[in-house]
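Residues per chain, in single letters:
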Amino acid sequence: MPATESSKPRRHRRFRRRLRTRIILSFVLLGFGLTVLFAYATIVARQRVEDQLVEDVMNRNLDESWRRFAQSDGQVIGAPFEQVKAYYYLPDKFESLRINKPEWYALPDGIHNITDIGDDGKAYPFKLGVRKTPQIWFFLAYDMGQTARAEVQFKRAVYGSILVFTVFSLVVGWWSASRVMSPVSELAARLRAYRGSSNPRPLAPHFPQDEVGELAKALDDYSGRLTEVVQRDREFNADVSHELRTPLAIIRGSVELMLSRPDMDEKTRTRIQRIQRAEQQCTDLISALLLLSRNERGHGNTDVARVVDQLLDAHRATLGGKPLVLRVEGEGGVTVDSPEAALSVALGNLIGNAVKYTKEGEVVVRLLPDAVEVIDSGPGLSKEDAARLFERGYRGTHAGHSQGGGIGLSIVSRLCALYGWQVGVRPGEPKGVVATLRFTPDRGAPSDEPGGAASRDA
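Residues numbered from 1 in each chain as written. Predicted model: local features only at pLDDT ≥ 70, side-chain atom pairs only at ≥ 80, totals over all residues. Heavy atoms only, no water.

## Re the packing of helix H7 (residues 266-294) against helix H9 (residues 340-357)
In step 1: Between H7 and H9, the shortest axis-to-axis distance is 8 Å and the interhelical angle comes to 105 degrees. The angle between H7 and H9 falls in the class roughly perpendicular. Seen from H7, the contacting residues are Asp-284, Leu-285, Ser-287, Ala-288 and Leu-291; seen from H9, they are Ala-341, Ala-342, Ser-344 and Val-345. (Axes fitted to C-alpha atoms, helices over the stretch in contact; angles between N-to-C directions. Helix = DSSP H or I, 4+ residues; strand = E, 2+ residues; numbered from the N terminus. Parallel < 35°, antiparallel > 145°, perpendicular 65-115°, else oblique. Contact = heavy atoms within 4.5 Å.)

Okay, structure coming up:
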């Protein structure tokens, strides 16, 4: 039993390292193969060059032997040794050497590199060995022309081999990378294929027990846990929606029944109407939050002007003695494809913040062909508040000790992202804030302008 248990971790490690091993082996084999091939090609090229040079020397010696034999009528037989020539000078020839070959005369003992210019104007390099004694001076000239030509040919062969093996390594490397990384590419392709699916299939059965298989298992585990969280979230939202709608429906029925009584005094009627408006706001907010939690775009044919009038009437009832005027500019007739609850929540936050932070003056809701502008005469916004407008939980410096959790504009931003709307703010002139809710994307402008009255109590 202990031996079996100890063998499992080793097998697991071997499997886990298979992908890394394949990569290492691929590069090792590539380097080894290229080295062997290059060495073999170098040897072959060197042998071919040397054979060619030897054959060239032998052919030239044969030609020279025949020429001498022919010119001497058969008296001279033998081949000259072309690459090495020996010269010697006795003391009576020293002065002649000084005159005819002064560069040789001045050389000390040793091996020297010499270049002579031939009758044809070409340079002929050779090595000259010098040994001077009082009785005789020896000079041994070794022709380097053959060696130079051999070096040129050998370099050409080596450069050609480098080019060939570079192209070969590129092809082999490309093929190796494709083979090694094909499981990763397949995993990515399967993940892309599952995009948008509410019930993705397991990935691990499609891959071997290597690093990619371990990654697929981890992704399956993560996907399962994420699916459970999303499912619990959806069930929670559905349960909360159902449980909240029931008491809200009871409140709505009770309020409507109470408002139907003709003997009710005006003060009580005003309070009950306020309860009715609060119930409607809760219902709209629940509907909007359900749409966001499900990431579903509800449809409808909502009249923007009618929603604006309802919101302004609701806020007028809460002004009390506040010196603030709420009015509408522009013409109606604009409709949007969304439920009335979603539009009411989006505009309600913008108008509610403008009313809340404008102590006196007016709040103007301007109806445009493709947008709604909420213009207030409040104190405006700082740059810091404008930059952090739609951050969840952020409450601007003008919020003070007012109530609010700082999530209103976060919900507005998410609704706009869901329906493809644009929400933005800019400073008013000479003060205040202009908040804009645009229903058609503006292709020529940035999607969201930072800042706005709503950021003071998002």
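The rest of the description comes next.
## Notes on the pairing of strand S11 (residues 433-438)
In step 1: For S11, the tally of buried residues reaches five of six residues, placing the bulk of the element in the interior.
In step 2: Sheet topology note: the strand S9 (residues 371-376)/S11 ladder contains five bridges and is antiparallel. When the sheet's bridge partners are listed, Val-374 is paired in S11 with Ala-435.
In step 3: Where strand S10 (residues 422-427) lies against S11, six bridges are found, and the strand directions are antiparallel. Bridging from a neighbouring strand, Gly-424 pairs with Thr-436 of S11.
In step 4: The hairpin formed by S10 and S11 contains five residues between the paired strands, and Gly-432 there has a positive phi angle of roughly 85 degrees. (Buried < 20%, exposed > 50% of the residue type's maximum accessible area, 1.4 Å probe, protein only. Pairing = 2+ DSSP bridges.)

## Focus on the nonpolar core
In step 1: Val-304, Leu-343, Leu-347, Leu-415, Trp-421, Leu-437 and Phe-439 are the most contacted members of the largest nonpolar core, which has 42 residues in total.
In step 2: Counting residues per element, this core draws most heavily on H9, which supplies nine residues. (Core = buried A, V, L, I, M, F, W, Y, C linked by side-chain atoms within 4.5 Å.)

## Here's the deal with the environment of Met-264
In step 1: Looking at the secondary structure, you find Met-264 in the loop between helix H6 (211-259) and H7.
In step 2: Given the relative accessible area of 14%, Met-264 is considered buried.
In step 3: Not counting residues up to four positions away in its chain, the partners in contact with Met-264 are Met-258, Leu-259, Arg-269 and Ile-272.

## Quick word on H9
In step 1: Taking 1.5 Å as the rise per residue, H9 with 18 residues should run 26 Å; its terminal C-alpha atoms sit 26 Å apart, in good agreement.
In step 2: Residue Gly-348 marks the point of greatest curvature in H9, where the axis turns by about 25 degrees.
In step 3: Of all the 18 residues making up H9, 16 are buried; the element is thus mostly covered by neighbouring parts of the structure. (Expected span 1.5 Å × (residues − 1). Bend = angle between axes of the 7 residues up to and from the residue.)

## A word on the pairing of strand S8 (residues 361-367)
In step 1: Sheet analysis places strand S6 (residues 324-329) next to S8, joined by six bridges and oriented parallel. Within S8, the position partnered with Val-325 by the bridge is Glu-362.
In step 2: In the sheet, S8 pairs with S9 via five bridges, with the strands oriented antiparallel. Bridging from a neighbouring strand, Leu-367 pairs with Val-372 of S9.

## Describing the packing of aromatic side chains
In step 1: As enumerated under the stated definition, the model contains six aromatic pairs in all.
In step 2: On the numbers, 4.1 Å between centres and 20 degrees between planes, the contact of Phe-94 with Trp-137 is stacked. Linking Phe-94 in helix H3 (residues 94-100) with Trp-137 in strand S4 (residues 137-143), this pair joins segments that are 43 residues apart in sequence. Side by side, Phe-94 and Trp-137 carry an identical accessibility label, which is buried.
In step 3: Above the face of the Trp-104 ring, Lys-101 is positioned so that its terminal group lies 3.9 Å from the ring centre.
In step 4: Here the guanidinium or amino end of Lys-132 rests over the ring plane of Trp-137, the centre of that ring lying 4.4 Å away. (Phe/Tyr/Trp six-rings, centres within 6.5 Å; stacked < 30°, edge-to-face > 60°. Lys NZ or Arg CZ within 6 Å of the ring centre and 35° of its normal.)

Honestly, it's all geometry; don't read function into it.
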